[in-house]
Amino acid sequence: PATGAMARRVDRLDDVYGFYVEKEYIGKRVKGSKAKVTWKLAWKPDFKMHEVELKHSMVTHKHEIKVDNRLLVSRKRVFEGEFSHEFSLGG
C-alpha cells in the first residue's frame, strides 16, 4: 500500500514500470555473514522511483528494512527463514 495524497495499493504487477534487484554480501570480517538486498521500483502513473533495502545478519540474526533510505524496521531475533512486513510508499 501507499500513503499520502495519492495513496493507493499496487495489486497488479503490470502497474510496475521499473524493477531492479541486487544482492550483495557485506559482512565486515566475513563477507558472507551479512546480506543486503536492494529493490528499486516505480509504478504508474507518476513513475517515481522507490528503493527498498533489507539487511540481514546470519550471525546476530538482526534484520532491518529501509524504504527510501528511511529506517522502517530493526529487529534482533532468530530468523526462521521467512518473514513478511507490510509497509507504505508515498507516491
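Structure first, text after, so check above.
Here the structure is a predicted model, which is why all the values come from computation and not from measurement.

Participant: Would you explain the pairing of strand 4 (residues 50–57) in this entry?
Facilitator: The two faces of a sheet get side chains in turn, since along a regular strand they alternate between them. Counted residue by residue, strand 4 has 6 buried out of 8 residues, so it is predominantly covered. Where strand 3 (residues 34–43) meets strand 4, 8 bridges bridge the pair, whose relative direction is antiparallel. Paired with A35 across the bridge in strand 4 is H56. The antiparallel hairpin formed by strand 3 and strand 4 contains 6 residues in its connecting segment, where F47 sits at a positive phi of about 60°. Both strand 4 and strand 5 (residues 62–67) contribute to a ladder of 5 bridges, which runs antiparallel. Residue pairing for strand 5: H56 is matched across the bridge by H63. The hairpin formed by strand 4 and strand 5 contains 4 residues between the paired strands, and H61 there has a positive phi angle of roughly 70°.

Participant: Explain unusual backbone geometry to me, please; I cannot follow it from the model alone.
Facilitator: Glycine aside, residues mostly have negative phi, and peptide bonds are mostly found in the trans state. The phi torsion at D68 lies on the positive side, around 50°, for a residue other than glycine. When you line up the elements, D68 lands in the loop between strand 5 and strand 6 (70–76). If you check the backbone angles, N69 has positive phi at about 70° while not being a glycine. Tracing the backbone through its elements, the reader meets N69 in the loop between strand 5 and strand 6. We classify N69 as exposed; its relative accessible area is 66%.

The rules behind the values
- Residues numbered from 1 in each chain as written.
- Predicted model: local features only at pLDDT ≥ 70, side-chain atom pairs only at ≥ 80, totals over all residues.
- Heavy atoms only, no water.
- Buried < 20%, exposed > 50% of the residue type's maximum accessible area, 1.4 Å probe, protein only.
- Helix = DSSP H or I, 4+ residues; strand = E, 2+ residues; numbered from the N terminus.
- Pairing = 2+ DSSP bridges.

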